[in-house]
Amino acid sequence: MQKLLKTIAMLLVIATVIFAAGCAEKGGENAEKAAPAEEGAPAEENVTAGENSTVAENASEETSTYIVGTEAQFPPFEIVDSQGNVVGFDVDLMNAIAEDQGFKVKYMDQDFAGLIPALQTGNVDIIASGMTITEERAKEVNFSEPYITAGLALAVTVENEDIKTVDDLKGKTVAVQTGSTGFMKAEELKKAGVIAEIKDYPHVNEAIEELKIGGADVMINDLPVTNAFIAAQPGVIKIVGEPLNSESYGFAVRSGNTELLDKINAGLENVKASGKYDELLKNLPKYMEE
């Protein structure tokens, strides 16, 4: 009996060993099959990394959008049309530059006197608002290459025959736009004792209106703007005498923002070379009709 039990026990041990060996062999096969899965784990990370790389690449290629500050009551350079859109020469030119350089722009309309502060505080990225390049302004912002030649001119109503030059401004009242170079010139003339009073307004069309109704004797304003108004509404005001100076308009960016400035200058050069600039220039008077 004991011999039989020993035999059975021995058989159970042998069976256990064989079973364990079989499991070990099977486990080895599974381990070998599992190896690619372990290799697959980094591959999954690579896929994720690849997806992240794609996202990063797309992010780097994402089109930049810049906020353009403008005073949209300065036709023909910027004005709000009947649909509420900001239009004008500056807008068309900046849009062409943006398209050439692969960035987007959005326009923010505000008073001219607040444009440089808005740029300095980061509320806008670019100023496109018929802004004359001056030494004083160049201390606060960086200007692009000039994009149009301007200059200050004297304007009076068509029936006025008394004022022909600066020499005729003694004791007169002058209408100007606040913060403009016309305003600066008027201040200079007042300090010199030439003119008696300055009436300044946030928008140039208000200065023109003051001149039209007789609230001012003369207006000092940028030559191309005054010419465009005369072309659109002949028989209302006229330019007298020679231009008071020679000026140029430029786009402005924050001081030190050379990357954006380089884009604007490169785009401006390309737009001029393509002939698009000349096309836009021919359309100046049409914006007075908006």
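So, how was this worked out
- Residues numbered from 1 in each chain as written.
- Predicted model: local features only at pLDDT ≥ 70, side-chain atom pairs only at ≥ 80, totals over all residues.
- Heavy atoms only, no water.
- Pairing = 2+ DSSP bridges.
- Helix = DSSP H or I, 4+ residues; strand = E, 2+ residues; numbered from the N terminus.
- Axes fitted to C-alpha atoms, helices over the stretch in contact; angles between N-to-C directions.
- Parallel < 35°, antiparallel > 145°, perpendicular 65-115°, else oblique.
- Contact = heavy atoms within 4.5 Å.
- Nonpolar A, V, L, I, M, F, W, Y, C, P; charged D, E, K, R; others polar.
- Salt bridge = Lys/Arg side-chain N within 4 Å of Asp/Glu carboxyl O.
- Buried < 20%, exposed > 50% of the residue type's maximum accessible area, 1.4 Å probe, protein only.

Student: Quick question: what am I supposed to make of the sheet that holds strand 11 (residues 197-201) here?
Tutor: The strands that make up a sheet are held in pairs by hydrogen bonds between backbone atoms, and each pair lies either parallel or antiparallel. Strand order in the open sheet formed by 5 strands is 11-10-12-9-13, with mixed pairing between adjacent strands. Every interior strand has two partners, whereas the edge strands, strand 11 and strand 13 (237-240), have only one. Each strand axis lies, on average, 35° off the axis of its neighbour in the sheet, ignoring direction. Alignment of strand 9 (residues 152-157) against strand 13, held across 4 bridges, turns out to be antiparallel. Bridging from a neighbouring strand, T157 pairs with I237 of strand 13.

Student: Looking at this structure, I do not really get the packing of helix 2 (residues 89-101) against helix 8 (residues 258-274). What am I missing?
Tutor: When two helices pack together, their arrangement is given by the angle between their axes and by how far apart the axes lie. Packing of helix 2 against helix 8 leaves a shortest axis separation of 8 Å and a crossing angle of 105°. Regarding the angle of helix 2 to helix 8, the classification is roughly perpendicular. Along the contact surface, helix 2 presents L93, A96, I97, D100 and Q101, while helix 8 presents K263, I264, A266, G267, L268, N270 and V271. Partitioning the contact of helix 2 with helix 8 into residue classes produces 7 nonpolar, 3 polar and 2 charged.

Student: Teacher, can you tell me more about the pattern of salt bridges here?
Tutor: Note that side chains of opposite charge can pair when their charged atoms are close. Going through the model one piece at a time under the given rule, you end up with 7 salt bridges. The partner of E210 in a salt bridge is K199, and the shortest N-O contact between them spans 3.0 Å. On the criterion of sequence distance, the pair formed by E210 in helix 6 (residues 204-212) and K199 in strand 11 is long-range, its members being 11 residues apart. Residue E210 is classed as buried on the basis of its relative accessible area, which comes to 14%. The partner of E209 in a salt bridge is K212, and the shortest N-O contact between them spans 3.3 Å. Of this pair, E209 and K212 both sit in helix 6, 3 residues apart, roughly one helical turn. Assessed through its relative accessible area of 37%, E209 is described here as partly exposed. For K212, a relative accessible area of 33% translates into the label partly exposed. Residues joined by salt bridges that share partners form a network here, namely E161, K164 and K238.

What is shown is where atoms sit, not what they do.
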